[in-house]
Each structure stands twice: as C-alpha cells, then as structure tokens.
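Per-entry structural report
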Amino acid sequence: MYSEISFQAADGTTLRGRLYSGAGDEAAKPLIILTGGISSTIDFSNHEGFSEYFANAGFSVLLYDHRNFGLSDGAQRQEVLPQQQVEDMRDAITFAQMQPGIDAERIGVWGSSFSGGHAINVASIDHRVKCVSVQVPFVSGSQTVARQVRPDFLAMVRKMWAGDRMGRMAGQPPLMMPVVTENPMEPAVMPMADAWTHTVAHQGKSKTWENRVTVRSMELASTYEPAALIHMISPRPFQMIIGSTDRVTTPDIAQAAFDRAGYPKNLAIVEGGHFDLYYDKFDEAAELALAWFKKHL
C-alpha cells in the first residue's frame with residue numbers, strides 16, 4: 001500500500017518515510033500529511049494504523065519521521081526542534097505536491113499530541129493546507145509544563161536546562177532524559193503512569209523508537225505555543241478531537257485554544273485518556289478524522 005520515500009528539507013537534511021497510495025481509481029488523490037508526536041517514529045503509537053485507515057478510504061498519506069528521529073537524518077539524534085519540525089512539514093507539503101497522482105490543491109494535515117500542535121501551526125501560516133484534523137493536541141508549552149511539572153520540581157528542571165546549555169558550550173555531549181518513566185519522581189517528558197503503561201504495551205512493535213530525548217528538547221517544547229495563531233486557520237475547516245480524561249494535553253487547555261479558532265470548526269470528545277485514542281479508541285478517533293477529511297478535502 002505504500003512506497004518508501006525520502007526528501008530533502010530546505011537545509012539539505014534528508015527526511016524519510018512512506019507514501020501511502022489512496023485506494024480507488026487512477027484519478028489524482030487528495031493527500032494527508034501525517035507525523036508523530038514528541039519522540040515518536042513512523043512505526044510507533046499506531047501512526048501506521050491511521051495512515052492505512054485514511055488510505056483505504058481513498059486518501060494518499062505522507063507519513064515521515066521528524067529530523068533527528070527514526071529513519072530521518074539529523075545532526076543531534078533524539079533532539080526535538082519544534083519550529084524546525086514545522087518548517088520541515090512545509091517542505092513535506094512541497095514534496096507531496098510534486099508527486100504523481102496527488103491533487104496538489106487538496107492537501108490536509110493530521111496530527112496527534114505534539115504533532116497536533118504542528119498541524120495547527122502549519123495550517124495557521126501555510127494556506128496550501130486546505131483542511132486540518134488534530135487529536136489530543138499539544139497547544140501550549142508554557143501551560144503544559146505548568147501542569148506536568150510539580151511546582152517544587154520546577155527550579156530543579158530549570159537548573160538542569162541551564163546546566164545543559166553550559167555543558168554544550170563547553171563541548172560536552174547533550175544531557176538526555178527519558179520520554180516516559182515508571183518512577184513518577186524521575187524527570188521525564190511524560191511522567192504519567194498511563195504514558196509508561198502505553199509504552200510498555202507497544203514499544204516492542206517499533207524498530208526505531210527510543211525512550212530518550214535531549215534535555216534541550218523539553219526546554220524548547222516549554223516555550224512552543226502552536227495555538228498562538230490558531231485563529232488564522234479560518235476559513236479553512238478545523239477539527240479538534242479531545243480525550244475526556246487526557247492528563248498529557250489536558251482537555252481544558254485544548255478547548256480554550258479551540259474556542260479561539262474561527263469557523264468552520266468542530267470539537268469532538270472521545271471518552272478516554274491521551275493514549276486511548278491510539279489503540280483502544282482508535283476506530284472512533286480515526287473515523288472522526290476521516291469523516292472531516294471526506295467532508296472538506
């Protein structure tokens with residue numbers, strides 16, 4: 001159903017992934033750009049499942065690894081560069097528009113968690129995007145850190161960020177931290193118990209995912225505000241799917257961002273937590289996104 005692809009970002013970095021061909025006749029297909037959440041790779045968190053779901057319904061899908069992760073190149077491995085990932089996604093749109101069998105005027109973006117923030121960001125500034133659907137999106141770094149990092153831990157975290165900067169300038173390797181941890185007292189990107197449970201259950205299905213990112217990744221994420229321009233998506237259709245008990249990208253923060261978006265827009269709530277939408281509630285979440293793309297793309 002897919003072919004392995006690679007393309008160069010504007011700075012020459014090679015990004016790799018898959019191009020899924022939409023089912024149906026030979027007519028040019030609308031295409032959905034799909035990327036993973038923080039630290040995710042193409043074979044982790046069921047991104048393959050979402051890609052296949054959309055492709056079976058007639059949409060072509062470009063699924064790729066962010067720079068520094070998985071199959072893609074990148075100088076500092078396991079480092080999340082939010083704004084650079086946004087620019088890479090814009091380059092992915094350009095690459096997709098140049099492929100045979102793709103309708104260059106019907107490009108949609110889908111994102112989940114951290115890449116949900118990217119989808120919002122890209123759609124706000126790039127009018128080649130004609131339709132957006134995001135689930136459990138990361139919309140505000142400052143607010144998310146305030147929820148996820150205990151106030152009595154915050155000074156320690158900031159000291160760690162500063163120490164990493166000094167170490168790098170002195171020529172030392174970057175500090176690393178786990179993405180998830182079994183010990184809630186250990187610093188991690190997602191210290192919640194359900195994040196650990198999700199990873200233990202599904203990590204073995206991935207050949208490329210690693211449970212670590214640079215400390216700088218978390219510092220950069222803490223100042224990333226993808227929903228700052230969310231009102232600029234309108235009049236292109238925007239959908240947000242929220243998990244009712246999400247403890248990673250909490251529903252109230254997400255809904256506050258949704259309320260600032262213009263029309264047309266749709267808010268859907270799925271009963272469950274952040275990670276339920278990838279597996280236990282996959283059919284419901286995927287069908288909501290598919291219906292939105294069918295209607296508007």
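Before reading further, recall that the structure is shown in the block above.
Residues numbered from 1 in each chain as written. Predicted model: local features only at pLDDT ≥ 70, side-chain atom pairs only at ≥ 80, totals over all residues. Heavy atoms only, no water.

Those residues of helix H8 (residues 251-260) that sit buried are Ile253, Ala254, Ala257 and Phe258. Seen from one end, H8 has its buried residues packed into an arc of 140°, which puts them on one side. Summarising the contacts, the buried residues of H8 are in contact with helix H4 (141-148), strand S9 (238-243) and strand S10 (265-270). (Buried < 20%, exposed > 50% of the residue type's maximum accessible area, 1.4 Å probe, protein only. Helix = DSSP H or I, 4+ residues; strand = E, 2+ residues; numbered from the N terminus. Arc of directions from axis to C-beta. Contact = heavy atoms within 4.5 Å.)

Here we take up the pattern of salt bridges. Applying the stated criterion across every chain, the model contains 15 salt bridges. Of the charged contacts in the structure, one is a salt bridge between Arg90 and Glu87, with a shortest N-O distance of 3.9 Å. With a gap of three residues between them, Arg90 and Glu87 both fall in helix H2 (residues 82-97), about one helical turn apart. Taking the relative accessible area as the measure of exposure, Glu87 reaches 35% and is therefore partly exposed. Here Arg106 ties to Asp103 by a salt bridge, and the two come within 2.9 Å at their closest N and O atoms. What you see here is one network of salt bridges that share partners, running through Glu79, Asp164, Arg168 and Arg216. (Salt bridge = Lys/Arg side-chain N within 4 Å of Asp/Glu carboxyl O.)

Within the open sheet, the eight strands sit side by side as S1-S2-S4-S3-S5-S6-S9-S10. Their pairing is mixed. The sheet terminates laterally at strand S1 (2-8) and S10, the two strands that pair on one side only. The sheet shows a mean angle of 20° between the axes of neighbouring strands, direction not considered. Sheet topology note: the strand S3 (residues 29-35)/strand S5 (residues 102-112) ladder contains six bridges and is parallel. Along S5, the bridge assignment pairs Ile33 with Val109. Across the sheet, helix H3 (residues 114-125) touches S3, S5, strand S6 (129-135) and S9, and the angle it forms with S5 is around 140°. (Pairing = 2+ DSSP bridges. Axes fitted to C-alpha atoms, helices over the stretch in contact; angles between N-to-C directions.)

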